[in-house]
Amino acid sequence: MKSIQKKLALATCSLLAHNAQSVMAAGAEDWAVDASFLHYEEEERITVNKMIGTLVTNISESDKVKVDLVFDTMSGSTPSGALEGAGSFTTITTPSGAGGFSASSGSTALAEFSDTRLGVSLDWEHTKKRLYRINYGSSISVEKDYTSFGLNTNYAQDSSSRIVTYTAGVAVAFDDVRRSTGGTPEPFALYGGGETLENGTRVTLDTIFGVTRVFNRRTLGQLNFSTGFNEGYLTDPYKLISRTQLLDISDPSAGFDEKDTYYESRPSVRQRSSLYGSMAHSTRNDNVLHMSYRYYWDDWDIVSNTLDFRLKIRYENDFFIEPHLRFYDQTAANFYYFAIEQEVFGPNGFPEYGSADYRLDEIDGTTLGFNIGKTFSAHGKLRVRVEHIRWQYKNSLFDVNEALVFQLSYKKLFE
Amino acid sequence: MHKSKKYIAVLLVLSGLSACSTMKDVSNTVKDSLFNYEKVKPWQRGELAKEDMQLVDDGLMTYADDHIYFSKEAATGGKGVGGGGCGCN
């Protein structure tokens, strides 16, 4: 009987709208611990090692608490936005050992950096009258050049038949942005010149409204509408943009000279929205299909499509293999430029805003990978996944970025 | 906008392929196909109760992916709200 009750509780939990980090629907167990190590490596670029730990526990029949810990180490080089060809140009300088970006003598376009990040979040979920759940969450994330503090709350209500669950959530975050040496550069100041301004601050407000529905005894679907905005310092204090002059104005294919390099400048407001649909379907032979699609748009004129497909093929002895395929595309931001062209803006002119950050370029991305897992006992589960990600950029100096992801995770339940 | 239509088309094709995987039991395929609606009673939710059937079935994998793509792409969000930001490069 207890087993049936647990399954019914799990079925109820499966109707919840989940946060990205949520493992709170892990079950009716008293404790659930999930730990993971992730290695992310780009070809000749950034390497990240990430350790994640999550603890979920019931503190009463109607209250559940979750604690997340994240520790990242990041190092390598990343495109600065500047172009090559400026001789001994030194990208960005920081004091020795201070982390953040450092001098990369001889390299104009790649800036080396190293940093660490520590993140902690705490969530409390309360169930009321079996049909209502409310979740309160808080998070803090600290890097040498970035601090973020966030609060969120999510509400879920089941229909009386528990076929449909309605969800609503709101989150606010307060971020402090700075270079590792402190402060932020003056927008469009000549690199190495201009004033150092105070740290940048930004506020982020996000809301989400969703419906989750049981379609049949093997299919569950969800539709979310999200909207929100960022306001404040949205510029990247490390990114640069070059000014170019054509070598031969009558023949653009002859190339250009890099004249100067400046700090980038972005708008101080960004309004974002998305529609997200996802579903889980268990096939007759007990494999599980997960599919999702997101349509995203914002007032920087970025429009994006994301399609994600996973098929968990389950074998005997609690073993599974899960191929994963993801497609992504986005349009460029309306202030993205490969460079500030002297022929367009004049020798001393600037656009209203300008960034050469490759992440604001037109992008096509593809992820291909697989995840394998095995449950060793009723309470232990090991997963290993390997994925390859390839991003293609339309106008950026570095037109391709490829990354390899390896993640090892183990989950343990305690009763 | 044309890309959106392309993605939706791919989604439908993949849905069809997944439906094919259920063809071993043709008689139940229609009944339990992806978009077929059925009023499911509480005692019929055994399959839905499994951890693999949760919309986020591996929280740590999802968390890691969200961080990777947040760092490298301009579009974010959709699944939920909350969590810490980062000054990612």
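Fair warning: this is a prediction, and the values are worked out from it, not measured in the lab.

What counts and what doesn't
Residues numbered from 1 in each chain as written. Chains lettered and ligands numbered in written order. Predicted model: local features only at pLDDT ≥ 70, side-chain atom pairs only at ≥ 80, totals over all residues. Heavy atoms only, no water. Phe/Tyr/Trp six-rings, centres within 6.5 Å; stacked < 30°, edge-to-face > 60°. Lys NZ or Arg CZ within 6 Å of the ring centre and 35° of its normal. Pairing = 2+ DSSP bridges. Helix = DSSP H or I, 4+ residues; strand = E, 2+ residues; numbered from the N terminus. Buried < 20%, exposed > 50% of the residue type's maximum accessible area, 1.4 Å probe, protein only. Contact = heavy atoms within 4.5 Å. Salt bridge = Lys/Arg side-chain N within 4 Å of Asp/Glu carboxyl O. Polar contact = N/O pair within 3.5 Å; in protein donor to acceptor, adjacent residues only side chain to side chain. Nonpolar A, V, L, I, M, F, W, Y, C, P; charged D, E, K, R; others polar. Expected span 1.5 Å × (residues − 1). Core = buried A, V, L, I, M, F, W, Y, C linked by side-chain atoms within 4.5 Å.

1. Thoughts on the packing of aromatic side chains
So, step 1. Overall, the coordinates contain 10 aromatic pairs over all chains when judged by the stated rule.
So, step 2. Chaining the aromatic ring pairs together yields one cluster made of Phe 188, Tyr 262 and Phe 350 of chain A.
So, step 3. Over the aromatic face of Trp 300 of chain A sits the side chain of Arg 270 of chain A, whose NZ or CZ is 4.4 Å from the ring centroid.
So, step 4. The ring of Tyr 69 of chain B carries Arg 326 of chain A above its face, with NZ or CZ at 3.5 Å from the centroid.

2. Here we look at the sheet that holds strand 14 (residues 256-263) of chain A
All names here are of chain A.
So, step 1. Read from one edge to the other, the open sheet built from three strands follows the order 14-13-19, with strand pairing classed as mixed. Looking at which strands have only one partner, the edges of the open sheet turn out to be strand 14 and strand 19 (340-341).
So, step 2. Of the strand pairs in this sheet, strand 13 (residues 240-246) and strand 19 are connected by two bridges, and their pairing is parallel. Counterpart to Arg 243 in the pairing with strand 19 is Ile 340.

3. A few points about the side chain of Lys 72 of chain B
So, step 1. Inspection of the secondary structure puts Lys 72 of chain B in helix 3 (residues 59-72).
So, step 2. The exposure class assigned to Lys 72 of chain B is buried, which follows from its relative accessible area of 3%.

4. With respect to the interface of chain A and chain B
So, step 1. Of the residues lining the interface, 114 residues belong to chain A; the matching set on chain B comes to 68 residues.
So, step 2. Taking the shortest distance from any N to any O, the salt bridge between Glu 42 of chain A and Lys 72 of chain B comes out at 2.7 Å.
So, step 3. Summed over the shared surface of chain A and chain B, the number is 29 residue pairs in polar contact (both at pLDDT 80 or more).
So, step 4. For the side of chain A that touches chain B, the per-class residue count stands at 44 nonpolar, 39 polar and 31 charged.

5. Let's talk about helix 3 of chain B
So, step 1. With 14 residues, helix 3 of chain B extends 20 Å from end C-alpha to end C-alpha; this agrees with the ideal 20 Å at 1.5 Å per step.
So, step 2. Among the residues of helix 3 of chain B, Gly 59, Leu 60, Met 61, Thr 62, Tyr 63, Ala 64, Asp 65, His 67, Ile 68, Tyr 69, Ser 71 and Lys 72 of chain B are the ones counted as buried.

6. A closer look at the pattern of salt bridges
So, step 1. Across all of its chains, the model carries 33 salt bridges over all chains by this definition.
So, step 2. Of the charged contacts in the structure, one is a salt bridge between Asp 72 of chain A and Lys 50 of chain A, with a shortest N-O distance of 3.1 Å. Taken together, the positions of Asp 72 of chain A in strand 3 (residues 63-79) and Lys 50 of chain A in strand 2 (residues 47-60) put the pair 22 residues apart, joining distant regions of the chain. No difference in accessibility class separates Asp 72 of chain A from Lys 50 of chain A, as the two residues are buried.
So, step 3. Between Arg 162 of chain A and Asp 158 of chain A there is a salt bridge whose closest N-O contact spans 3.9 Å.
So, step 4. Using a relative accessible area of 13% as the deciding quantity, one classes Arg 162 of chain A as buried.
So, step 5. Within this structure, Arg 310, Lys 312, Arg 314, Glu 322, Lys 381 and Lys 411 of chain A together with Glu 47, Lys 50, Glu 51, Asp 52 and Asp 57 of chain B form a network of salt bridges that share partners.

7. Here we look at the nonpolar core
So, step 1. Ranked by internal contacts, the top residues of the largest apolar core, which has 31 residues, are Tyr 40, Leu 360 and Trp 391 of chain A together with Ile 68 of chain B.
So, step 2. Broken down by secondary-structure element, the contributors of at least two residues to this core are strand 1 (31-42), strand 2, strand 3, strand 21 (380-393) and strand 22 (400-414) of chain A together with helix 3 of chain B.
So, step 3. Not counting residues up to four positions away in its chain, the partners in contact with Trp 391 of chain A are Tyr 40, Ile 363, Asp 364, Gly 365, Asp 399, Val 400, Asn 401 and Ala 403 of chain A together with Ile 68, Tyr 69, Lys 72 and Glu 73 of chain B.
So, step 4. Counting residues in each nonpolar core, the second largest holds 10 residues, with Ile 163, Val 214 and Val 288 of chain A together with Val 40 of chain B among its members.

8. Considering the pairing of strand 2 of chain A
All names here are of chain A.
So, step 1. Two strands pair when backbone bridges link them, and strand 1 and strand 2 are joined in this way by 11 bridges, in the antiparallel orientation. Considered in strand 2, the bridge of Asp 34 is made with Thr 54.
So, step 2. The pairing of strand 2 with strand 3 spans 13 bridges and is antiparallel. By the bridge assignment for strand 3, Val 48 is matched with Met 74.

Purely geometric numbers; function is a separate question.
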